[in-house]
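# Residue-level structural notes
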Amino acid sequence: MTNKKSIAGHLSALIAYSIFGFNIIVCKDLTSDQLIPPLGIFTLRSLVAGGLFWLVSLFRPKEEIDRKDYIKIFLASMLGFFTCQVTFLVGLPYITPMDCSVMTAMAPIYTMITAAIVIKEPISLQKAGGVLLSFVGIIYLIITRTTQGGAAETTPFGIVMIILNVLSFSMYLGIFKPLINKYSVVTFMKWIFLFSAIVAIPFSTRGLIETKWAEIPSIQYAELSYLIICATFISYFLIPVAQKRIRPTLISMYSYVQPIIAIAVSIAIGMDTLTWQKALATLLVFSGLIIVTYSRSKSNP
């Protein structure tokens, strides 16, 4: 049973971070023209995805929230969704997708430190070595990629925003695991999105009203749909599923899937070619993931 739960946790994390990987490319195009303000996009995500979670909850057994946990869930919402996603949407127009990917490679390091402090998840030498090996692989993946002047699109502001994005989500993974384990995924997430929507609406209403919706290309409506349904509703359903079954450090290790997907997509559409350097980098990344997966820990899988 434990092994099955672990497999479900790994599979949930893999699917969620794969969706996030495609989402970097989708959101880069969606936010570059600034046709919809970033905070407006975030509000739409909160309202639509949150509405879906509340709708699903109507068909599930009613679950009460302890009064003292509402403030904790609010803080989880502000850290794991509001701060995380607003900084991502604001910063993405100022950073290339590949540079954004290397910033997300820092997630396991932040998560490992946070989990060690908050939930006393032990940092073994083997686990630290696995994280380091994967990090070396992802850096190698970036620096050996042939660029075409894209680095000029990256600004210090974009880098700072993406670092805040990664740091906030990593802290969320490490700090709120006990709270997430206490409630069902649907119950927890419906309140996460509701709190974020309440905070965002006063700051985004004017921008949404002033948006010229008729001038937005149909492709961007499709991208917005992917962002809301796949990268919000589905991914944020899967992340708590993973959190209940595997350690926070393991979950964050799947952030390494994001730049690999970016490379794979560019190859598939003829923008890039597979080289031995990229194959080596991929091997390093997943070797590190395997090491961390099988590292000894005093905590449960």
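Let us look at the structure shown here. (Residues numbered from 1 in each chain as written. Predicted model: local features only at pLDDT ≥ 70, side-chain atom pairs only at ≥ 80, totals over all residues. Heavy atoms only, no water.)

### Things to note about the overall build of the protein chain
Rules: Think of it this way: any DSSP run of H or I at least four residues long counts as a helix, any run of E at least two long counts as a strand, and we number them from the N terminus. Buried residues are those whose accessible area, probed at 1.4 Å on protein chains only, stays under 20% of the maximum for their type, while exposed residues exceed 50% and partly exposed ones sit between those limits. Note on contacts: a residue pair qualifies if any of its non-hydrogen atoms lie within 4.5 Å across the two residues. We get accessible surface area from the Shrake-Rupley algorithm with a probe of 1.4 Å; when it comes to residues, only the shown protein chains can shield them.
Helix and strand counts for the protein chain stand at 13 helices and zero strands. Going from N to C terminus, the protein chain has its helices and strands arranged as α-α-α-α-α-α-α-α-α-α-α-α-α. Put simply, the protein chain has 301 residues, and 52% of those count as buried. At a minimum sequence separation of 6, the contacts of the protein chain that also span at least 24 residues come to 93%. A total accessible area of about 13,900 Å² is found for the protein chain, and carbon and sulfur atoms account for 70% of it.

### Side note on the environment of P202
Checked against the element boundaries, P202 lands in helix 9 (residues 185-210). In this structure P202 comes out as exposed when scored by relative accessible area, which is 60%. Taking the C-alpha atoms as reference points, P202 and T43, 159 residues apart in sequence, are found 9.9 Å from one another.

### What about a nonpolar patch on the surface?
The test is simple: Here a patch means residues that are over 30% exposed by relative accessible area and free of salt bridges, tied together within 9 Å if like-charged and within 5 Å if nonpolar (Val, Leu, Ile, Met, Phe, Trp, Tyr). One side-chain nitrogen of Lys or Arg within 4 Å of one carboxyl oxygen of Asp or Glu is enough to make a salt bridge.
Where nonpolar side chains cluster on the molecular surface, the patch consists of L47, V48, I201, I229 and I234 and spans about 350 Å² of accessible area. Those elements giving two or more residues to the nonpolar patch turn out to be helix 2 (38-57) and helix 10 (218-243).

### Notes on the side chain of S184
Here is the rule we go by: Polar contact is defined as a pair of N or O atoms within 3.5 Å, subject to the rule that within protein one atom must be able to donate a hydrogen and the other to accept it, and that residues adjacent in sequence are counted only when both atoms are side-chain atoms.
Counting through the fold element by element, S184 comes out in the loop between helix 8 (177-182) and helix 9. By relative accessible area, which is 18% here, S184 ends up buried. Only 2.8 Å separates the side chain of S184 from the side chain of E63, close enough to count as a polar contact. Among the polar contacts listed, one links the side chain of S184 to the side chain of T187, at a separation of 2.9 Å.

### As for the pattern of salt bridges
Counting across every chain of the model gives six salt bridges. For D69, the salt bridge identified is with K68, shortest N-O distance 3.8 Å. The salt bridge involving D69 is made with K182; its shortest N-O contact spans 2.7 Å. On the criterion of sequence distance, the pair formed by D69 in the loop between helix 2 and helix 3 (70-91) and K182 in helix 8 is long-range, its members being 113 residues apart. The exposure class assigned to D69 is buried, which follows from its relative accessible area of 1%. In this structure K182 comes out as partly exposed when scored by relative accessible area, which is 40%. Connected through shared salt-bridge partners, D66, K68, D69, K72 and K182 make up one network.

### Things to note about the packing of aromatic side chains
Stated formally: Think of it this way: a Phe, Tyr or Trp ring, Trp meaning its six-membered ring, pairs with another when their centres are within 6.5 Å, and the plane angle makes it stacked under 30 degrees, edge-to-face over 60, tilted otherwise.
Scanning all chains against the criterion turns up 17 aromatic pairs. When the centroid spacing of 4.9 Å and the interplanar angle of 35° are considered together, the rings of F42 and F81 count as tilted. With F42 in helix 2 and F81 in helix 3, this pair connects stretches of sequence that are 39 residues apart. Pair check on accessibility: F42 and F81 agree, each one buried. Plain terms: the ring middles of W191 and F195 are 5.8 Å apart, the flat faces sit at 35° to each other, and that makes the pair tilted. One end of the pair, W191, and the other, F195, are both in helix 9, four residues apart, so they sit about a helical turn from each other. Exposure remark for F195: the relative accessible area of 14% places this residue in the buried category. Following the ring pairs from residue to residue traces out a cluster consisting of Y17, F20, F42, F53, F81, F82, F169, Y172, F176, F193, F233 and Y236.

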